[in-house]
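One-letter residues, chain by chain:
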Amino acid sequence: MFTTNKSAVVTMLAALGCLSTSAEASTDISAMIFNGTDTSAEEWPSIASIYYDASDYGGDQESYCTGTILDEQHVLTAAHCLYDGDEVFEPYLIYTSVVPQMNDESDAVNGLVTPIRASEFYAHPDFVDSAISEAVPWPNDIAIIKLETPMNVDSNAYTVQGLSSQASSYRQTDEEFVAVGYGITETGSYGELLQTTLNYQTQANCSLGAGDSQICTTGDYNFSTDVRNSTCNGDSGGPLFWYDGSQYVQIGVTSYGWTGCSNEFNTDTAVFTEVADYSAWVSSVLSGNETPVYTVTDQERYDYVYGSDSTSSTSSSDSGGTVSLNWLLLMALVAASVRFRRRSIV
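Residues numbered from 1 in each chain as written. Predicted model: local features only at pLDDT ≥ 70, side-chain atom pairs only at ≥ 80, totals over all residues. Heavy atoms only, no water.

- Identification of the protein as Peptidase S1 domain-containing protein from Vibrio hippocampi is taken from an unreviewed UniProt entry.

In structure tokens form, the structure reads like this:
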């Protein structure tokens, strides 16, 4: 999705970040699950799909990022899922819904689970799109989506956030984690919930480059697939879980990795935003004390398609308004963009 200013091509797991001094300038970075195994929302009940859904307006629908359920009306994800360059990407966000506990995209298409429209989008105020920055890759890459209506989920499904006091325990060489998401696989398929195991890599030894509030990981090599375990396009914003001895807690949000989701010369495969460092900000959003970077209502969504006066009339709409030719062309371009993003960012 983005290209760094240090001649490194970076594609974020729904997007991704600029190289730090610890990463080589010729390195290709991106983000997206490779070597994943089938899993389910029953096993990871906090999982949710960040879902582009313009089907009510004649457009496309599909998952483009992953998230986790914070409470009945808020979902945690990556800030880069909301942006195109240094601006929020309105053509995505205006049609964004969240599909809680989706096992694969057919669940939503066949009505087994119901997409819920997003109404407010919050990105951390210090988030930097590394495509236009000289900072460490995608710093503060964390966001929250508020929904128009509550999800019908049990409170036991809410993700358990890792604590700062636990960091010294999970920041141990080769400590094992589980990444979960709907992203692209090594075969090119996507939209199915998968998981893969990753291991901790120290910040000093992270060839991808990572800051103090990021977690770098390595992935085992699979001789059958010829790639290492990794997140990939569409996994962006998804969880990195660690077992604390009694339960799995979410310690990370999928942020970035190598372009193409693998690099034959490196064992490092992905970097995650460290959840514990943002607990105060998350609490502030949930308490209603933060300002969203973007808001949308059903009326604004309707006006975006038909115009506020609903007078443009090139093609008819069953909903009572009329759709312009420019709108139809825009929908085609956005649909293509969604598919492209899925393949090139996580």
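### A few points about the environment of Y83
Right, on to step 1. Of note, Y83 is situated in strand β8 (residues 83-84).
Right, on to step 2. Sequence separation between Y83 and D129 is 46 residues; the distance between their C-alpha atoms is 8.0 Å. (Helix = DSSP H or I, 4+ residues; strand = E, 2+ residues; numbered from the N terminus.)

### What to know about the nonpolar core
Right, on to step 1. Ranked by size, the top nonpolar core spans 54 residues in total, and within it Y64, L76, V98, F121, I144 and M151 carry the most contacts.
Right, on to step 2. Here this core takes five residues from strand β11 (residues 116-123), the largest share from any one element.
Right, on to step 3. If we ignore the near neighbours within four places in the chain, the residues touching V98 are A48, S49, I50, V75, T114, P115, I116, I145, L147 and M151.
Right, on to step 4. Formed by 14 residues, the second largest nonpolar core is a distinct cluster that contains L240, W242, A270 and F272. (Core = buried A, V, L, I, M, F, W, Y, C linked by side-chain atoms within 4.5 Å. Buried < 20%, exposed > 50% of the residue type's maximum accessible area, 1.4 Å probe, protein only. Contact = heavy atoms within 4.5 Å.)

### Notes on the layout of surface pockets
Unfilled space is identified by rolling a water-sized probe across the atoms.
Right, on to step 1. By volume, the largest pocket is sized at about 170 Å³.
Right, on to step 2. Around the largest pocket, the lining residues are E43, W44, P45, S46, N156, A157, Y158, T159, V160, F241, Q247 and Y248.
Right, on to step 3. Taken together, the residues of the lining of the largest pocket sort by class into seven nonpolar, four polar and one charged. (1 Å grid on protein atoms, 1.4 Å probe; cavity = no way out; pocket = protein on both sides within 12 Å on 5 of 7 lines; lining within 4 Å. Points joined across faces, edges and corners; volume = space filled by probe spheres on them. Nonpolar A, V, L, I, M, F, W, Y, C, P; charged D, E, K, R; others polar.)

### Looking at the side chain of S284
Right, on to step 1. Assignment of secondary structure puts S284 in helix α4 (residues 279-286).
Right, on to step 2. With residues up to four places along the chain from it excluded, the contact list for S284 reads N289 and E290.

### Overview of the pattern of salt bridges
Right, on to step 1. Applying the stated rule across the entire model yields three salt bridges.
Right, on to step 2. Close ionic contact of R301 with E148 constitutes a salt bridge, the shortest N to O distance being 3.7 Å. With a gap of 153 residues between them, R301 in helix α5 (residues 298-306) and E148 in the loop between β12 (143-147) and α3 (167-170) connect regions that are remote in the sequence.
Right, on to step 3. The class of E148 is partly exposed, set by a relative accessible area of 30%.
Right, on to step 4. For D298, the salt bridge is made with R301, and the minimal N-O distance between the two is 2.5 Å. In this pair, D298 and R301 are both assigned in helix α5, three residues apart and thus about one turn of the helix distant.
Right, on to step 5. Take R301: its relative accessible area is 0%, and that puts it in the buried class.
Right, on to step 6. Overlapping salt bridges, with partners in common, bring together E148, D298 and R301 in one network. (Salt bridge = Lys/Arg side-chain N within 4 Å of Asp/Glu carboxyl O.)

### With respect to the state of the cysteines
Defined simply, a disulfide is a covalent bond joining two cysteines at their sulfur atoms.
Right, on to step 1. Inspection of every chain in the model, using the stated rule, returns two disulfides.
Right, on to step 2. In this model, C65 is linked to C81 through a disulfide, with the two sulfur atoms separated by 2.2 Å. On the sign convention where negative is left-handed, the bridge of C65 and C81, at about -95 degrees about the S-S bond, is left-handed. With a gap of 16 residues between them, C65 in strand β6 (residues 61-71) and C81 in the loop between β7 (74-77) and β8 connect regions that are remote in the sequence. Of the two residues examined, C65 and C81, each falls in the buried class.
Right, on to step 3. Disulfide pairing places C206 opposite C216 at an S-S distance of 2.2 Å. Its S-S torsion of about 75 degrees marks the bond between C206 and C216 as right-handed, since a negative value means left-handed. Remark: C216 occurs in strand β15 (residues 214-218) and C206 occurs in the loop between β14 (194-201) and β15; sequence separation between them is 10 residues. Across the pair, exposure class does not vary: C206 and C216 are buried alike. (Disulfide = S-S within 2.5 Å.)

### Notes on α4
Right, on to step 1. Of all the residues in α4, the buried ones are W281, V282, S284 and V285. Along the axis of α4, the buried positions cluster into a sector of 160 degrees, meaning they face one direction only.
Right, on to step 2. Where α4 is buried, its residues touch β6, β7, β11 and β12.
Right, on to step 3. Just past α4, the residue G288 takes up positive phi, approximately 80 degrees. (Arc of directions from axis to C-beta.)

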